[in-house]
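Summary of the model geometry
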Amino acid sequence: MQCIVNRRAQFSASHRYWLPELSEAENTEKFGACSRFPGHGHNYVLFISMAGELDKYGMVLNLSDVKHVIKHEVTSQLDFSYLNDVWAEFQETLPTTENIARVIWQRLAPHLPLVRVQLFEHPELWADYIGNDMEAYLTISTHFSAAHRLAHPQLSNEENTEIYGKCARPHGHGHNYHLEVTVKGEIDPRTGMIVDLGGLNQAIEDYVLEAFDHSFLNKDISFFEEVVPTAENIALYISNLLRSPIQELGGTLHKIKLIESPNNSCEIYCTESDAKTENAVKSEPVLV
């Protein structure tokens, strides 16, 4: 039986985003505070996912052996290091989160049956690499607070209550929404980036957080005057807002994950055309 097992590891290291062929002003413009001398540090958290068949002992791999490989090939070398100098790969391509994940894959692949390397730079920024040459995924996590009422404008109060229960009450209710935006793209062979991180953060701020935070979605976001602001519809709408700005940055929007509460969340994978997505979000309600 095929099974995926995961092993967690961690290391603390510093890095600097700096290209010697650029001037100080050019580096500052391109990388912002990350270009400052002598660099800055993170407590990295690493998850290694491996696949295989269960053996007669009920294991895919002996995790003690896995721990030794990860320590020998990766963490013992990276822990308390200056990443720009520790491995030759980081002198060719900067040690961004996505590029570190890629190089860790290269170091571990000869020893382990990898299916994914996931690296958290901090809880609100992480990268995934699954072995596809220079392709990787970068996720930014953020949040906003908003209120909404689940009630379709074409239905009566009684019908809305039947469908949405307490969520249809006239004055609405609020959530602290947790938003994850995942971008897919090719790692630039020099900068190590899928997209400009500052630009991505700014796009999320401009197109989502500025409008959504501390709003009553049904009234403050014109789109939701006619569309019920369920978590699914909110996530779908956010995907439409961010798709073009992220393309302009050179990446592709891969996924929007919206966590409404500890019990409810949804994920939108952005593989359909804008037209199909727009039609889906504006579809008529279905009574269930």
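The model shown is predicted, which means the values in this text are computed figures rather than measured ones.

**Overview of the side chain of aspartate 128**
Positionally, aspartate 128 belongs in strand β5 (residues 125–129). The buried category is assigned to aspartate 128, whose relative accessible area is 10%. In this structure the side chain of aspartate 128 is engaged in a polar contact, spanning 3.0 Å, whose partner is the side chain of glutamine 118. Not counting residues within four places of it along the chain, the set of residues in contact with aspartate 128 comprises Arg116, Val117, Gln118, Ala136 and Tyr137.

**Observations concerning the nonpolar core**
Of all hydrophobic cores here, the largest spans 67 residues; its most connected members are Ile48, Ile104 and Phe212. Examining the composition of this core, we find that eight residues originate from one element, helix α9 (residues 231–248), more than from any other. In contact with phenylalanine 212, other than residues within four places in its own chain, are Phe144, Ser145, Ala146, Leu217, Ile221, Phe224, Ile234, Tyr237, Ile238 and Leu241.

**Comments concerning the packing of helix α7 (residues 197–212) against α9**
As a packed pair, α7 and α9 sit with axes 10 Å apart at the nearest point and diverge in direction by 145°. Crossing handedness for the pair α7 and α9: right-handed. Between α7, through Leu200, Ala203, Ile204, Tyr207, Val208 and Phe212, and α9, the contact on the second element is made entirely by Ile234, Tyr237, Ile238, Leu241, Leu242, Pro245 and Ile246. Taken together, the residues of the contact of α7 with α9 sort by class into 13 nonpolar, no polar and no charged.

Conventions and cut-offs
- Residues numbered from 1 in each chain as written.
- Predicted model: local features only at pLDDT ≥ 70, side-chain atom pairs only at ≥ 80, totals over all residues.
- Heavy atoms only, no water.
- Helix = DSSP H or I, 4+ residues; strand = E, 2+ residues; numbered from the N terminus.
- Buried < 20%, exposed > 50% of the residue type's maximum accessible area, 1.4 Å probe, protein only.
- Polar contact = N/O pair within 3.5 Å; in protein donor to acceptor, adjacent residues only side chain to side chain.
- Contact = heavy atoms within 4.5 Å.
- Core = buried A, V, L, I, M, F, W, Y, C linked by side-chain atoms within 4.5 Å.
- Axes fitted to C-alpha atoms, helices over the stretch in contact; angles between N-to-C directions.
- Left-handed = near helix turned anticlockwise from the far one by under 90°.
- Nonpolar A, V, L, I, M, F, W, Y, C, P; charged D, E, K, R; others polar.

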